[in-house]
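# Structural overview
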Amino acid sequence: MAIGLTDLALVIFAALAGAAILFQAFMSYRRQKQPEPWKGTQLGAGLTFLFRDKTLLDATPDAIDLLTSRGKHASEFEAMLHVLGPHFPDLRQSLEVGDAAKTIIAHGDGQPLRLCITREAGNVRLALQTTRDDSETGSGRIIENDVLMSELALLRNMTDQTPQLIWQEDQDGRLIWANQAYLSFADRLTDREEKGEKANWPKTSIFPDLHQCLGNAGSSRRRLSVSIEKSGAEHWFDIDSIPRDDGFLHFGTDANAAVRADQERRNFVQTLGKTFAHLNIGLAIFDKRRELAMFNPALLDLTGLSASFLSGRPSVDMVLDRLRETRILPEPKNYKSWREQFSAVEAGAKDGTYCEVWNLPDGQAYRVTGRPHPDGAFAFLIEDITAEVSLTRRFRSDIETGQAVLDTLQDAIAVFSSSGTLVISNAAYAELWERDLSFGFDQRDLHAEMQTWRNRTTPTRMWAELQAFTHMTSDRKLWTDSAILDDGRQITCHANPISGGMTMIRFTFDGAKPPIIQKLTMPDAAIRSTGR
């Protein structure tokens, strides 16, 4: 059945009406669940605050002005407690109780004050009134005056109790105002404090002519000293000066500890300088900026660098480059990689230190040591070890020469220390007993060598007597005895005591070697010539 236009319109109208009813019901539900916050027009005049969970939602203009004029706080809630807390000491506890409504009475500036606390839908409203005329406008003036007076008293107490000297001077340097610390120190300067006299206003400033060097410039800081009349001791202050329209405001902080520490540091540096001046080791200390901070005269003598160059606080790279130019720095195969390696050590190597020997073209040898420090400083030491290196080389040459001389001898020779350790032997000894001459760092003692001798000879008591001879502590004389080798040859052993308790043992052969028996079947030249 077809639907007419009238019926269709009625259906659409009914649907729209139902949707409107549902929308109104939903909005009414939302208003019941989330009530609208209070607006400023509902707060009234005077001092009124509106908080939710310690967050300021709204406040009257007077209340906002009072909060913002009292300095910075962690939150608006803490600022409100700072303003109202002196008048209502239990305000914080009252806000934490959670009563629906509460009124607190207090007295300020002779007029009673009333603080009304009301709660609704999670919001807390605080309204301040005076009980005399029930005026909210007058309460703001009372609170503001009380806060200003309390802050003024606090500032006065702070300026009187602080150990810092605070005073004010006019443009001509005349003293206008001073705190108690300034006045007390002025009495100390004139010996009035020890005499027990009453503090008197100083006729002149402790620091005369201070205003002349300030002029119209901005804030400045300088360190000045004054002398006490009786002892003559100097007292140092760090003075911060702030220019004002009518003069200057000065703040003096005791700087005696800093001055003493600075003086002790300079004395310590001077002591180190005097000590380093007598060292024959070149010393260069670079600070954390890698600039030369200290050097001693030995560095000039060893490197040939000029004092004017080193006094200019050159960097590490500049010093290395200058050493390379003067041929003090040995030329490596790859100078760039070497300097990068040195810079890595200089930057603060935590494991170990840098140490190398520089062999110069003229035959000199320098031991160079770098020691990084945790604060970024770097100690650079140069030591001339030419004599030490020459002595070592000469000692090594003497040993090699002595070894070569022993190797040319036909007699087998071995030298043992007083403890029985083999010190040196020659090639004939190694060939006779089939021992390795280049034993390196392996220590060989008399007992092990004698065991080899026993194995290569027929049984004899000679070796026991020789061992007893080497262990004798009294005066020893030449000892000699003979033995038969396993190949039939006879050898004679000579034990000579030498300096240092050492013993030189020499083996010689007695007679020629035994003849070699050849087979009869071998051709004989004499028989061959007779048969012809």
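The structure contained in this document is the topic of the report that follows. No experiment lies behind these values; they were computed from the predicted model shown.

Parameters and conventions
Residues numbered from 1 in each chain as written. Predicted model: local features only at pLDDT ≥ 70, side-chain atom pairs only at ≥ 80, totals over all residues. Heavy atoms only, no water. Helix = DSSP H or I, 4+ residues; strand = E, 2+ residues; numbered from the N terminus. Buried < 20%, exposed > 50% of the residue type's maximum accessible area, 1.4 Å probe, protein only. Contact = heavy atoms within 4.5 Å. Patch = residues over 30% accessible without salt bridge, like charges linked within 9 Å, V, L, I, M, F, W, Y side chains within 5 Å. Areas by Shrake-Rupley, 256 points an atom, 1.4 Å probe, with all protein chains shown as cover. Salt bridge = Lys/Arg side-chain N within 4 Å of Asp/Glu carboxyl O. Axes fitted to C-alpha atoms, helices over the stretch in contact; angles between N-to-C directions. Parallel < 35°, antiparallel > 145°, perpendicular 65-115°, else oblique. Left-handed = near helix turned anticlockwise from the far one by under 90°. Nonpolar A, V, L, I, M, F, W, Y, C, P; charged D, E, K, R; others polar. Phe/Tyr/Trp six-rings, centres within 6.5 Å; stacked < 30°, edge-to-face > 60°. Lys NZ or Arg CZ within 6 Å of the ring centre and 35° of its normal. 1 Å grid on protein atoms, 1.4 Å probe; cavity = no way out; pocket = protein on both sides within 12 Å on 5 of 7 lines; lining within 4 Å. Points joined across faces, edges and corners; volume = space filled by probe spheres on them. Pairing = 2+ DSSP bridges. Arc of directions from axis to C-beta.

## Examining the overall build of the protein
Along its length, the protein carries 17 helices and 20 strands. Within the protein, the proportion of its 532 residues that are buried is 34%. Sequence-distant contacts, at least 24 apart, represent 38% of the contacts inside the protein between residues at least 6 apart.

## Here's the deal with a nonpolar patch on the surface
Residues Leu154, Leu155 and Met158 make up a contiguous nonpolar surface patch of about 310 Å² in total accessible area. For Met158, the position within the fold is in helix α5 (residues 136-161). Met158 gets classed as partly exposed once you look at its relative accessible area, which sits at 48%.

## Some details on the pattern of salt bridges
Following the criterion strictly, the structure yields 18 salt bridges and no others. Residue Arg265 is joined to Asp262 by a salt bridge in which the shortest nitrogen-to-oxygen separation is 3.0 Å. Of this pair, Arg265 and Asp262 are both found in helix α8 (residues 256-277), 3 residues apart, which corresponds to roughly one turn of the helix. Salt-bridge contacts for Asp287 lead to Arg313; the nearest nitrogen and oxygen are separated by 2.8 Å. With Asp287 in the loop between β11 (282-286) and β12 (292-295) and Arg313 in the loop between α10 (307-311) and α11 (316-325), this residue pair connects regions lying 26 residues apart in the sequence. Here Asp287 falls in the buried class, since its relative accessible area comes to 13%. A network of salt bridges, in which partner residues are shared, links Asp287, Arg289, Glu291 and Arg313.

## Focus on the packing of helix α15 (residues 446-455) against helix α16 (residues 462-470)
The relative placement of two packed helices is expressed as an angle between their axes plus a distance between the axes. Interaxial distance between α15 and α16 falls to 11 Å at its minimum, and their mutual angle equals 160°. When the axis of α15 is compared with that of α16, the two are roughly antiparallel. Like other packed secondary-structure pairs, α15 and α16 cross with a definite hand, here right-handed. Contacts between α15 and α16 pair Leu446, His447, Met450, Trp453 and Arg454 from the former with Trp463, Ala464, Leu466, Gln467 and Thr470 from the latter. Its residues assigned to classes, the contact of α15 with α16 shows 6 nonpolar, 3 polar and 1 charged.

## Some points on the packing of aromatic side chains
All told, the structure shown has 16 aromatic pairs when counted by the stated rule. Between Phe49 and Phe51, the ring centres sit 6.3 Å apart and the planes meet at 25°, which makes this aromatic pair stacked. Pair check on accessibility: Phe49 and Phe51 agree, each one buried. On the numbers, 5.9 Å between centres and 85° between planes, the contact of Phe207 with Phe237 is edge-to-face. Of this pair, Phe207 sits in the loop between α7 (192-195) and β8 (220-227) while Phe237 is found in strand β9 (residues 234-244), placing the two residues 30 residues apart along the sequence. Three or more aromatic residues link up through ring pairs in this structure, and these residues are Phe416, Tyr429, Trp433, Trp453, Trp463 and Phe507. Lying across the ring of Phe309, Arg322 places its NZ or CZ 4.0 Å from the centre.

## Things to note about empty space enclosed by the protein
The final tally for this structure, using the stated rule, is 2 cavities of 30 Å³ or more. For the largest cavity, the calculated volume is near 50 Å³. Along the walls of the largest cavity sit Phe416, Ser417, Ser418, Gly420, Leu446, Thr470, His471, Gly501 and Thr503, which together make up its complete lining. Taken as a whole, the second largest cavity spans an internal volume of roughly 40 Å³. What lines the second largest cavity is simply Ala284, Phe286, Leu292, Leu299, Thr303, Leu305, Leu310, Val319, Leu323, Phe380 and Ile382. Of all the secondary structure elements, the ones that give two or more residues to the lining of the second largest cavity are β11, α9 (297-303), α11 and β15 (378-384).

## Observations regarding the pairing of β11
Taken across its 5 residues, β11 has 4 buried, putting it largely inside the fold. Where β11 meets β15, 5 bridges bridge the pair, whose relative direction is antiparallel. Within the sheet, the bridge partner assigned to Ile285 lies in β15 and is Ala379. One ladder, built from 3 bridges, connects β11 with β12; its direction is antiparallel. The partner of Ala284 across the bridge, within β12, is Phe295. Counted along the chain from β11 to the antiparallel partner β12, the turn is 5 residues long, and its residue Arg290 has a positive phi close to 65°.

## Comments concerning helix α6 (residues 180-189)
In terms of residue burial, α6 counts as a mostly covered element, since 7 of its 10 residues are buried. All of the buried residues in α6 are Ala181, Tyr182, Leu183, Phe185, Ala186, Asp187 and Leu189.

## Some words on the sheet that holds β12
Pairing within the open sheet is antiparallel, and its 5 strands lie in the order β12-β11-β15-β14-β13. In this open sheet, the two edge strands, each paired with only one partner strand, are β12 and β13 (354-359). With direction set aside, neighbouring strand axes in the sheet form an average angle of 20°.

## Here we look at α16
Buried residues of α16: Met462, Trp463, Leu466, Phe469 and Thr470, and no others. Along the long axis of α16, the arc covered by the buried residues comes to 115°, so they all point the same way. Tucked inside the fold, the buried residues of α16 contact α15, β18 (479-484), β19 (490-497) and β20 (503-509).

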